[in-house]
Amino acid sequence: MDVAMDVAVFWVLALLAVASGVMVFRFDSMARATFSLLTSLLCVGGLVVLLGLDYLGIVIVLMMTIEMAIMAVFMVMYMMNPAGLMPMTMMHNKKGAAVVSGLVFVLLAAGILLAPWPARRGKAPADPTMDLGMSLMGPQMLTMMTLGMALFATIVATVVLATRRGRYDRLGDDLRAGRPDDPVRGGVGR
């Protein structure tokens, strides 16, 4: 992409991230607030990809999508007002929160503007993803990848073992049977 396109994409993602982050506190519905937060975090993941850290950006997108989907399910299940049918607010102690957030913003902006930024030394690495992985995990990268697969297998096995019925309970061994012989009433076609 050329520089003008990069700048345009940056500003679109940045403004959308801030706007959807603000909307988290404006929505009455916990589900809407969750998906607004997801939009903001997806834009941040897009910005990280735009900075050339593809692996880290994709990890942010995948992690936040799954996390926010799970959060939305739990919000709908357990929150007292998931659909926003009654007025509610996501903010408590509005004046104190506004003062603290304003001070933090001024402090961070001052840090950005006043910090002596170092000049680049050397050249960019040939494979930034590999260098990032080595910086984060060091020689334990293989261990962490193995643990990730083990965790994934554990999640799949847990779901499989937690499910009492499968497709064979409904249709038997012949999945092309015309009428299901389901021992439990309900389900599709009943």
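Think of each chain on its own: its residues are numbered from 1, step by step along the sequence as written. The predicted nature of this model means local features are confined to residues of pLDDT at least 70 and side-chain atom pairs, given and counted, to a pLDDT of 80 or more, with totals for whole chains, interfaces and linings taken over all residues. Calculation of side-chain values draws on the structure's entire complement of heavy atoms; hydrogens and water are dropped beforehand.

**What about the overall build of the protein chain?**
The number of helices and strands found in the protein chain is seven helices and zero strands. In this text, helices come from DSSP runs of H or I with a minimum length of four residues, and strands from runs of E with a minimum of two, each type numbered from the N-terminal end. Of the regular secondary structure in the protein chain, the N- to C-terminal order runs α-α-α-α-α-α-α. With 190 residues in all, the protein chain has 16% of them scored as buried. Whether two residues touch is decided by their heavy atoms; if any such pair falls within 4.5 Å, the residues are in contact. Intrachain contacts of the protein chain at a sequence separation of at least 6 include 49% that bridge at least 24 residues. Burial here depends on accessible area, computed with a 1.4 Å probe over protein chains only, as a share of the maximum for the residue type. Under 20% is buried, over 50% is exposed, and the range in between is partly exposed.

**Examining the side chain of Ser40**
Within the fold, Ser40 resides in helix H2 (residues 30-50). What makes Ser40 buried here is its relative accessible area of 10%. With near-sequence residues (within four places) excluded, Ser40 lies in contact with Ala17, Ser20 and Gly21.

**Overview of the confidence of the model for the protein chain**
Per-residue confidence from the predictor is given as pLDDT, running between 0 and 100. Model confidence for the protein chain is summarised by a mean pLDDT of 80, while 78% of its residues fall at 70 or above. Least confident of the elements in the protein chain is helix H7 (residues 167-171), whose mean pLDDT is 57; most confident is helix H4 (residues 94-114), at 92.

**Overview of a nonpolar patch on the surface**
Patches were defined on residues exceeding 30% relative accessible area and lacking a salt bridge, with like-charge contacts within 9 Å and nonpolar side-chain contacts (Val, Leu, Ile, Met, Phe, Trp, Tyr) within 5 Å. Each accessible area value is a Shrake-Rupley result obtained with a 1.4 Å probe; residue values ignore everything except the protein chains displayed when judging cover. One speaks of a salt bridge when a side-chain nitrogen belonging to Lys or Arg is within 4 Å of a carboxyl oxygen belonging to Asp or Glu. Taken together, the side chains of Ile66, Ile70, Val73, Phe74, Met77 and Tyr78 define a hydrophobic patch exposed on the protein surface, amounting to about 650 Å² of accessible area. Relative to the assigned elements, Ile70 resides in helix H3 (residues 54-78).

**Comments concerning the side chain of Ser20**
Considering the arrangement of structural elements, one finds Ser20 in helix H1 (residues 3-23). Those residues within four positions of Ser20 in sequence are excluded, and the remaining contacts are Ser36, Thr39 and Ser40.

**Focus on the packing of aromatic side chains**
A pair of Phe, Tyr and Trp rings is counted when the ring centres sit within 6.5 Å of each other, with Trp represented by its six-membered ring. The angle between the planes then sorts it: under 30 degrees is stacked, over 60 is edge-to-face, the rest tilted. Per the stated rule, a full pass over the model turns up one aromatic pair. When the centroid spacing of 5.3 Å and the interplanar angle of 80° are considered together, the rings of Phe10 and Trp11 count as edge-to-face. Using a relative accessible area of 35% as the deciding quantity, one classes Phe10 as partly exposed.

**A look at the nonpolar core**
We call a set of buried Ala, Val, Leu, Ile, Met, Phe, Trp, Tyr and Cys residues a nonpolar core when their side-chain atoms join them within 4.5 Å. One finds Leu13, Ala14, Ala17, Cys43 and Leu47 forming the largest nonpolar core, which totals five residues. Going through the elements one at a time, H1 and H2 are the ones with two or more residues in this core. It is H1 that provides the largest number of residues to this core, a total of three residues. Ignoring anything within four residues of it in the chain, the contact list for Cys43 reads Leu13, Leu16 and Ala17.

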